[in-house]
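Reading the structure
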Amino acid sequence: MTTLTAPVPTTTAPARMDGVRQTLLLAQWQLRRQSQFLPLMVVVQVFMAVATVVGYGLLVGDPDPVTALFLATGAPTITLITVGLVMVPQMVGQSRMEGSLDWMRTLPVPRISFLLSDLLVWTLIALPGMALGVVAGVLRFDVDLSLAPWLLPATVLVSLTAAAVGYAMATLLPPQLAMLITQALVFIVLLFSPVSYPAERMPAWLQTAHEWLPIEPMAQLVRAGLAQDTFTMPGRSLVVLLAWAAASLVGAALALRRRA
């Protein structure tokens, strides 16, 4: 006699959809929570992008076409990186010190949803400044861009990686130390990273260091996306960038779980 058994319903798909819904709801809540600061953040990004273009223009005067293209593509990259590596650690560090981050972690949602929603918000916040940086660079240096079809996902990847690194730094380090590091990172990104100029101009030891740090791969990816006829994205740099993104996500997730 054959016994018929009812198939056991799987809950993987509904659970996955519920996780996505929770992440989007948390992101919406975070945007509303920071709504009074969002206009100021956009203004700061616009000022940063325009000031970078104008400031570098004053330094170099009338650049040659290749230098102009480096400067025009470097300004939006600096905006993306600065939001993730500077603004994110400062805001998260402030939330830790005032206790609001600990309170938000008491919400009955998975820690990964909480992390992803925060990264999504910061990624979206960084995109307007990046777009305005591109416009300012083109107008100031009179360059012709050749946009790659994968520019948008590349921009999102750079913004997400920068935010993930900043978030991991803010959750793994003491808040005061993380904020102090952000002050140094501003000068490192602006002056001592091959974002707005070729890496060959730096000392050999600094070139080697940037081969393993995420800043140069971020700049290469955005630069290749904005001017694909002139620049390319090395495969090794893409691997380094993805490794930093994965390591930062894991580090931040473990920190949130440990401190829950």
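Notes on the structure in this doc start here. All values reported here derive from a predicted model rather than from experimental measurement.

**Regarding the overall build of the protein**
Along the backbone of the protein there are ten helices and zero strands. Long-range contacts, defined here as pairs at least 24 residues apart, represent 83% of the contacts in the protein between residues at least 6 apart. Total accessible area on the protein is roughly 13,400 Å²; 70% of this is exposed by carbon and sulfur atoms.

**Some details on a nonpolar patch on the surface**
A surface patch of nonpolar side chains, about 320 Å² in accessible area, is lined by V20, L24, L120 and L124. Those elements giving two or more residues to the nonpolar patch turn out to be α1 (12-33) and α5 (111-141). Take L124: it is sitting in helix α5. Among the residues examined, L124 registers a relative accessible area of 42% and is labelled partly exposed.

**Re helix α3 (residues 65-98)**
Given a rise of 1.5 Å per residue, 34 residues ought to cover 50 Å, and the 49 Å separating the end C-alpha atoms of α3 matches this to within 8%. Maximum bend of α3: about 35 degrees, positioned at T82. Counting buried positions along α3 yields 27 of 34 residues, so the element is predominantly enclosed. Sitting at the head of α3, D64 places a side-chain oxygen 3.1 Å from the backbone nitrogen of V66. Positioned one or two residues after α3, G99 has a phi angle of 90 degrees, which is positive.

**Digging into the environment of P149**
With respect to the helices and strands, P149 occurs in the loop between α5 and α6 (151-172). Each C-alpha atom, one on P149 and one on G225, is 7.8 Å from the other, the two residues being 76 residues apart in sequence.

**Some points on the packing of α3 against helix α9 (residues 215-226)**
For any two helices packed against each other, the geometry is given by the interaxial angle and the distance between the axes. It is the contact of α3 with α9, at a shortest axis distance of 9 Å, that shows an interaxial angle of 135 degrees. The orientation of α3 relative to α9 falls into the category oblique. As α3 packs across α9, the resulting crossing turns out to be right-handed. Every residue of α9 that contacts α3 at F70, T73, P76, T77, L80, I81 and L85 is listed here: I215, M218, A219, V222, R223 and L226. Its residues assigned to classes, the contact of α3 with α9 comprises ten nonpolar, two polar and one charged.

Cut-off values and rules
- Residues numbered from 1 in each chain as written.
- Predicted model: local features only at pLDDT ≥ 70, side-chain atom pairs only at ≥ 80, totals over all residues.
- Heavy atoms only, no water.
- Helix = DSSP H or I, 4+ residues; strand = E, 2+ residues; numbered from the N terminus.
- Contact = heavy atoms within 4.5 Å.
- Areas by Shrake-Rupley, 256 points an atom, 1.4 Å probe, with all protein chains shown as cover.
- Patch = residues over 30% accessible without salt bridge, like charges linked within 9 Å, V, L, I, M, F, W, Y side chains within 5 Å.
- Salt bridge = Lys/Arg side-chain N within 4 Å of Asp/Glu carboxyl O.
- Buried < 20%, exposed > 50% of the residue type's maximum accessible area, 1.4 Å probe, protein only.
- Expected span 1.5 Å × (residues − 1).
- Bend = angle between axes of the 7 residues up to and from the residue.
- Polar contact = N/O pair within 3.5 Å; in protein donor to acceptor, adjacent residues only side chain to side chain.
- Axes fitted to C-alpha atoms, helices over the stretch in contact; angles between N-to-C directions.
- Parallel < 35°, antiparallel > 145°, perpendicular 65-115°, else oblique.
- Left-handed = near helix turned anticlockwise from the far one by under 90°.
- Nonpolar A, V, L, I, M, F, W, Y, C, P; charged D, E, K, R; others polar.

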